[in-house]
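What the coordinates show
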Amino acid sequence: MTQFQRLDAALARFEKALSAVEAAGGERRENTLSLSDLEEELAVMQDDRSRLALDLDAALARAAMLEKARDEALRRIEQASAGVAAVLGEANQGEE
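Residues numbered from 1 in each chain as written. Predicted model: local features only at pLDDT ≥ 70, side-chain atom pairs only at ≥ 80, totals over all residues. Heavy atoms only, no water.

Broken down by element type, the protein chain carries one helix and zero strands. Radius of gyration (C-alpha) of the protein chain: 41 Å, far over the 12 Å computed for a compact globule of 96 residues. Summing over all exposed atoms, the protein chain offers an accessible surface of approximately 8900 Å²; the carbon and sulfur share of this is 59%. When the 12 positive and 20 negative side-chain charges of the protein chain are each reduced to one mean point, those points stand 10 Å apart. (Helix = DSSP H or I, 4+ residues; strand = E, 2+ residues; numbered from the N terminus. Rg over C-alpha atoms; globule rule 2.2 N^0.38 Å. Areas by Shrake-Rupley, 256 points an atom, 1.4 Å probe, with all protein chains shown as cover. Lys, Arg positive; Asp, Glu negative; His and termini not counted. Charge placed at Lys NZ, Arg CZ, Asp CG, Glu CD.)

Structure follows, in structure tokens:
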């Protein structure tokens, strides 16, 4: 092998190695971008989860408040119903 042939072979090996390094660098950059995208998506999901937890707490508090209001309304209706029944009972007794 002549000196030029050895030089050409060495340059070919160097180009092949350089291509491998470039490919590995590109893959690494792609993986890094992908990782940062995943981290950003995770952060968005965590923000959504926090917001949903707050919304759920507010909805549960509202449901509890509505349940209390319903119970109070039922109590008042029962009192009014008992009052009406008493008045009607007195009216029926007066007619007899």
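Having seen the model, we can carry on.
Locating Glu22 in the fold gives a position in helix H1 (residues 3-95). Judged by relative accessible area, which is 53%, Glu22 ranks as exposed. (Buried < 20%, exposed > 50% of the residue type's maximum accessible area, 1.4 Å probe, protein only.)

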